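Structure at a glance
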Amino acid sequence: MAIQSSSASSILCASFSQDNRGFSIGTKDGFKIFDSESGRLCYERSIGAFSIVEMLYGSSLLAVVGAGEQPSLSPRRLCLFNTRTGAAIKEMNFLTSILAVRVNRKRLIVILQEKTYIYDLNKLKMLDAIDTVPNTKGLCAFSPSLDGCYLALPASTTKGSVLVYNVMERHSHGQIDAHRSPLAAMVLSSNGMYIATASEQGTIIRVHLVSQATESYSFRRGTYPSTIYSLSFGPSLRLPDILIATSSSGSVHVFCLGLLINQRSQRSNSLLGSMIPDSISDAFESAHHHVRHNAVPAGVKSCAMIHSVEIVTSTSPTSPATASRVSMFIITYNGYFQEYSLSISQMNEPSWSLEREFNLFRTASDTMIDS
């Protein structure tokens, strides 16, 4: 693996667009926008350090927040920025530092330590303000779908409870008690149907059905504690068939939800299987769990997302097994982009491949195009 840690090439923030076609990074010097599939640098601006850079799909609108290293880039100021004109559309100031920003085509979410603000994106009018428990990490999950547009926030500082809020209808949807330890990571599926969470222990990852606040799956990541850096569902608009996680151990974990559906169907036909709750038995099954060890340097923060999932079903009537191929993108905070592919055979045998890897700080600026 070519990646080496470098303090000179450090990323302060990284995120993918809502459709995963692009990604942004914020650094001590400025921010950059890339095309995910080609790796092409689409836009860059070097005016100082940024701690938040959020895209709105493939549009020219960015939501950016400075890291506070320059007086003009206060961490309490949110700037809506147009990459086509190179000018600020709107600046919004807050009493405390902005810890996270989320956006879709109709809503703008601003996360502070003890307050969350919801705005109408088009009118930039505040619609609601939610009092929250102290959220020092700005932890949140947001589903960009307008039909299932949910926002998830920590509901406790002592245990892993999640407050789910309906952003479009502006009311609390309910609370999910997911873990005994405080939350470390969470993500909503793109349609808002499912939420995956991990606690500070990082040994168990749970998936809940948002509408009923019921646990659907429980995965064991490992035996020893590890910090979960990112979680990502597959792009399916129905049941998310794949979930991936990156952690401080440097490993990438892939959990196959589609495989578990088949396993549950088979298990329910047995007497013992019908007596064991799914959430308990799933946590100790390994058939659905595939790991790429040392995918990234241990201890280096990473942001991952699933680019595509291809399912191939056998046409044989006597052997209706399926094979799949998962493509995933990873941004490491020491300045690299990677594309991994995982092929899972009909016999559930995994095969990993590093398809691409490049340094995000060595991309030639002459490849820049208008966003």
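Scroll up to find the structure this text is about.
Scope of this entry: the structure provided in the associated data block. These figures come from a predicted structure and were not determined experimentally.

**Notes on the pairing of strand β23 (residues 252-256)**
Side chains on a regular strand alternate between the two faces of the sheet. For β23, a buried count of five out of five residues is recorded, marking the element as mostly surrounded by other parts of the structure. Residues Val 252, Val 254 and Cys 256 of β23 are buried on one face, and the alternating residues His 253 and Phe 255, pointing to the opposite face, are buried as well. For strand β22 (residues 242-247) and β23, the ladder comprises five bridges, and the chain directions are antiparallel. Pairing of Ile 242 across the sheet is with Cys 256, part of β23. Counting the residues in the hairpin turn of β22 and β23 gives four residues, including Gly 250, whose phi is positive at 90 degrees. With four bridges connecting them, β23 and strand β24 (residues 289-292) associate as antiparallel partners. Across the sheet, His 253 pairs through a bridge with Val 291, a residue of β24.

**With respect to the nonpolar core**
Leu 78, Phe 94, Ile 98, Val 101, Leu 108, Val 110 and Tyr 119 are the most contacted members of the largest nonpolar core, which totals 19 residues. For this core, the secondary structure elements donating two or more residues are β6 (61-66), β7 (77-82), β9 (100-103), β10 (107-111) and β11 (115-120). Examining the composition of this core, we find that three residues originate from one element, β6, more than from any other. Among all residues touching Leu 108, those that are not within four sequence positions of it are Leu 78, Met 92, Val 101, Arg 102, Val 103, Tyr 117, Ile 118, Tyr 119, Leu 121 and Leu 124.

**Focus on the side chain of Ser 189**
For Ser 189, the position within the fold is in the loop between β17 (183-188) and β18 (194-199). Polar contacts involving the side chain of Ser 189 include one to the side chain of Asn 191, which spans 2.7 Å.

**So, the sheet that holds strand β20 (residues 214-220)**
Ordered by their spatial adjacency, four strands build an open sheet running β17-β18-β19-β20, and the pairing between neighbours is antiparallel. Looking at the sheet topology across the chains shown, the edges are occupied by β17 and β20. Mean inter-strand twist for the sheet, computed between neighbouring axes without regard to direction, equals 20 degrees. Pairing of β18 with strand β19 (residues 204-209) involves five bridges; the strand directions are antiparallel. Within β19, the position partnered with Thr 197 by the bridge is Arg 206.

**Some words on the pattern of salt bridges**
By the definition in use, this model includes five salt bridges. Arg 77 is the partner of Glu 91 in a salt bridge, and the nearest nitrogen-oxygen pair spans 3.9 Å. Here Arg 77 lies in strand β7 and Glu 91 lies in strand β8 (residues 87-93), a separation of 14 residues in the sequence. A salt bridge links Glu 355 to Arg 325; its shortest N-O distance comes to 3.8 Å. Taken together, the residues span a long stretch of sequence, with Glu 355 in strand β28 (residues 350-359) and Arg 325 in strand β26 (residues 322-332) at a distance of 30 residues. Residue classification places Glu 355 among the partly exposed residues on the basis of a relative accessible area of 40%.

The rules behind each value
Residues numbered from 1 in each chain as written. Predicted model: local features only at pLDDT ≥ 70, side-chain atom pairs only at ≥ 80, totals over all residues. Heavy atoms only, no water. Buried < 20%, exposed > 50% of the residue type's maximum accessible area, 1.4 Å probe, protein only. Helix = DSSP H or I, 4+ residues; strand = E, 2+ residues; numbered from the N terminus. Pairing = 2+ DSSP bridges. Core = buried A, V, L, I, M, F, W, Y, C linked by side-chain atoms within 4.5 Å. Contact = heavy atoms within 4.5 Å. Polar contact = N/O pair within 3.5 Å; in protein donor to acceptor, adjacent residues only side chain to side chain. Axes fitted to C-alpha atoms, helices over the stretch in contact; angles between N-to-C directions. Salt bridge = Lys/Arg side-chain N within 4 Å of Asp/Glu carboxyl O.

Scope: geometric values only; no functional claims are made or implied.
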